[in-house]
Amino acid sequence: MRFAHEVALNAQAKKKAVRRSNVTNSCVISAGEMFADGTMIELVSGSSGPNKPDLLLWNGSRATVGRRVERGGCIYEAPELAPSLSRAIRLPSRSRSYDSARSLFAAMTELFQHHLDLPNRESNLLACFAIGTWLADCLPTAPSLAISGPEPELGVDLLRLLSCVCRHSLMLAEVTAGSFRSLPMHLSPTLLLNQQELKPNLQRLFRASSYRGLHVPGNRGTVIDLYGPKAIVCGTDAPVDTLGGGVIHISVTPSQLQSSALDEQVQNEIANHFQPRLLMYRLKNSGTVCESRVEVSELTFAMRQLARSVAMCFPEDAELARDAVQLLRPQDEEVRGQRSRDVNCAIVEILLGIIHQRKQPTEKVDRKQRAVKVDELAKDLNALLQSRGELIEYGAEEIGWKLKGLNIKRHSDRCGRQVLLDRGTSQIVHRLARAYDLPCPQCVQGDCPDFAPPQVTLPN
């Protein structure tokens, strides 16, 4: 009887071991999930091990944390991180309720003002960026921030403070194109980069990684998803301009920044206060992020998508979303100033004026003019750009290449290269004028058929 009892106990132990093995084998290793019913799984710091995060399961009203979580009959477990990565990336420890989106936004603004003595607008923009990192996977474009200034140390202080409030923050320095491709993007990090030099290949990767769903080629037939938010300390304004219009630009100067005791203890205290509340903000708002109704048509084309993404970060508070978009107005004015000195935009502006002069019977111009010489166009272009402070002077050959890039055809005759002012050219110029947001009284009044966007008829 005793022998039979021992055999039964051994059999039960084996069954339990098999069940434990099956559970382990059926575990899904996950760094985060978002399900259609609003259920979410998030990485949090935990006690599973020095390099092993815990998982938080959110069912829409309540959060549970554990080494493993179960949802729909499936067991989920966090990935094991490399020791160096585990020490470098910041994860929230739990979720915690917050009063309102506006109060959370105001507290973060005050944080940047208190520790870095930044002006109100810059502090507000930093709060916008930080909140956006918690909803980046729900936005059409990832939040991007460029920080310029003469002192790299000041930018690094700003990165340290951002690391306390951004989602899965990871501070890095001097990233190359190759190392950027190898980053653990499956963890959805917010990259905080001290990058004093931006080489062209890295610029292209940064721009590509700002668009959700846009992959880059990997090795052996694979593709890599580099999408994610990032803040970059660039040093000067020159690299900022190469990143495109969809980037929030913050400029910091020594007179603005005071010495601040941002040691590790202070950073941890800030993170322990804000990270749980920001995680709850993500849990509550990820399912309600949608296209904002905030009007952005008055902004330049380059700034509109950025403005839409900023507004979408505040689904709880439509007024706060509108206020956030207004913060981008000064940057939009800078974009307009840069655009007025852009050679391509100036070419379109001049051709648009010539085309409409031909259509005005009261103008003292040769309405029979059917072409404009490229060398004459170059002279007018240089005069216009010089009046706006541009020092570079363009030759006729350079303008010819610019025209080709704009898809404006040139023709040759005994007088030289010229642009025919026919209906086809007019339509191309007007399409480019819409893209550059160039004003035209006739177009605004609806008197110009070439300005109206083409009507698309969908099949039944």
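Residues numbered from 1 in each chain as written. Predicted model: local features only at pLDDT ≥ 70, side-chain atom pairs only at ≥ 80, totals over all residues. Heavy atoms only, no water.

1. Focus on the overall build of the chain
For step 1, the next point in the chain: For the chain, the helix and strand inventory stands at 17 helices and 17 strands.
For step 2, the next point in the chain: Here the chain holds 460 residues, and the buried ones make up 47% of them.
For step 3, the next point in the chain: Accessible area for the chain stands at about 24,000 Å²; split by element, carbon and sulfur atoms hold 51% of it. (Helix = DSSP H or I, 4+ residues; strand = E, 2+ residues; numbered from the N terminus. Buried < 20%, exposed > 50% of the residue type's maximum accessible area, 1.4 Å probe, protein only. Areas by Shrake-Rupley, 256 points an atom, 1.4 Å probe, with all protein chains shown as cover.)

2. What about the side chain of serine 95?
For step 1, the next point in the chain: One can find serine 95 in the loop between helix H2 (83-88) and helix H3 (101-116).
For step 2, the next point in the chain: Residue serine 95 is classed as buried on the basis of its relative accessible area of 18%.
For step 3, the next point in the chain: Setting aside residues up to four positions removed in sequence, serine 95 forms contacts with Leu56, Ala63, Pro276, Leu279, Met280 and Leu283. (Contact = heavy atoms within 4.5 Å.)

3. A few points about the state of the cysteines
For step 1, the next point in the chain: The tally for this structure, following the rule as stated, stands at zero disulfides.
For step 2, the next point in the chain: Of all cysteine sulfurs, the one in cysteine 164 lies closest to cysteine 166, which takes part in no disulfide; the gap is 9.3 Å. (Disulfide = S-S within 2.5 Å.)

4. Things to note about the packing of H3 against helix H5 (residues 152-163)
For step 1, the next point in the chain: At a closest axis distance of 11 Å, the pairing of H3 and H5 adopts a crossing angle of 145°. Note that H3 runs across H5; the crossing there is right-handed. From H3, Leu111, Phe112, His115 and Leu116 reach across to H5, where they touch Asp157, Leu158, Leu161 and Leu162.
For step 2, the next point in the chain: Class assignment for the residues of the contact of H3 with H5 results in six nonpolar, one polar and one charged. (Axes fitted to C-alpha atoms, helices over the stretch in contact; angles between N-to-C directions. Left-handed = near helix turned anticlockwise from the far one by under 90°. Nonpolar A, V, L, I, M, F, W, Y, C, P; charged D, E, K, R; others polar.)

5. What to know about the environment of glycine 337
For step 1, the next point in the chain: One can find glycine 337 in helix H12 (residues 329-340).
For step 2, the next point in the chain: Among the residues examined, glycine 337 registers a relative accessible area of 23% and is labelled partly exposed.
For step 3, the next point in the chain: For the pair glycine 337 and arginine 388, spaced 51 residues apart in the sequence, the C-alpha separation amounts to 9.0 Å.

6. Quick word on helix H10 (residues 301-312)
For step 1, the next point in the chain: The end-to-end C-alpha distance of H10, which contains 12 residues, comes to 18 Å, matching closely the 16 Å that a straight helix rising 1.5 Å per residue would cover.
For step 2, the next point in the chain: Residues Met303, Arg304, Leu306, Ala307, Ser309, Val310, Ala311 and Met312 constitute the buried set of H10. (Expected span 1.5 Å × (residues − 1).)

7. Remarks on the side chain of asparagine 285
For step 1, the next point in the chain: Along the chain, asparagine 285 falls in helix H9 (residues 264-285).
For step 2, the next point in the chain: Once residues lying within four places of it in the same chain are set aside, the contact partners of asparagine 285 are Tyr98, Leu135, Pro315 and Glu316.

8. Looking at the pairing of strand E13 (residues 230-235)
For step 1, the next point in the chain: Among the six residues in E13, six count as buried, and that is most of the element.
For step 2, the next point in the chain: In E13, alternate side chains face the same way, and those of Lys230, Ile232 and Cys234 on one face and Ala231, Val233 and Gly235 on the other are all buried.
For step 3, the next point in the chain: Looking at chain direction, strand E8 (residues 144-148) and E13 are connected through five bridges and run parallel. Pairing of leucine 145 across the sheet is with alanine 231, part of E13. (Pairing = 2+ DSSP bridges.)

9. Brief notes about the pairing of E8
For step 1, the next point in the chain: Of all five residues in E8, five are buried; the element is thus mostly enclosed.
For step 2, the next point in the chain: A two-sided burial pattern is seen for E8, the buried positions comprising Ser144, Ala146 and Ser148 on one face and Leu145 and Ile147 on the other.
For step 3, the next point in the chain: With four bridges connecting them, E8 and strand E14 (residues 248-251) associate as parallel partners. Looking at the pairing, isoleucine 147 lines up with isoleucine 250 of E14.

10. Quick word on the sheet that holds strand E15 (residues 371-373)
Within a sheet, adjacent strands bond to each other through the backbone by hydrogen bonds, running parallel or antiparallel.
For step 1, the next point in the chain: Strand order in this open sheet of three strands is E15-E17-E16, and the pairing throughout is antiparallel. Each edge of the open sheet is held by one strand with a lone partner, namely E15 and strand E16 (411-413). Each adjacent strand pair in this sheet contributes to an overall mean axis angle of 45°, direction not counted.
For step 2, the next point in the chain: When E15 meets strand E17 (residues 416-420), the two strands line up antiparallel, connected through three bridges. Opposite valine 372, over in E17, you have valine 419 as the bridge partner.
For step 3, the next point in the chain: Running at roughly 70° to E15, helix H14 (residues 374-387) makes contact with E15 and E17 of the sheet.

11. Some details on the confidence of the model for the chain
For step 1, the next point in the chain: Overall, the prediction assigns the chain a mean pLDDT of 84, with 84% of residues at 70 or greater.
For step 2, the next point in the chain: Contacts for the low-pLDDT stretch residues 14-24, under 50 throughout, to residues beyond four places or in other chains number two contacts.
For step 3, the next point in the chain: Low pLDDT (under 50) marks residues 455-460, which in the prediction has zero contacts with non-local residues, meaning those over four places away or in another chain. (pLDDT = per-residue confidence, 0-100.)

12. Digging into the sheet that holds E14
For step 1, the next point in the chain: Here we have five strands laid out as an open sheet, ordered E9-E10-E13-E8-E14, and parallel in their pairing. Each edge of the open sheet is held by one strand with a lone partner, namely strand E9 (169-173) and E14. Strand-to-strand twist across the sheet, computed as the mean angle between neighbouring axes with direction ignored, equals 20°.
For step 2, the next point in the chain: Sheet topology places strand E10 (residues 190-194) next to E13; four bridges connect them, and they run parallel. When the bridges of E13 are listed, leucine 193 appears paired with isoleucine 232.
For step 3, the next point in the chain: H5 rests against E8, E9, E10 and E13 of the sheet, and its axis sits at about 165° to E10.

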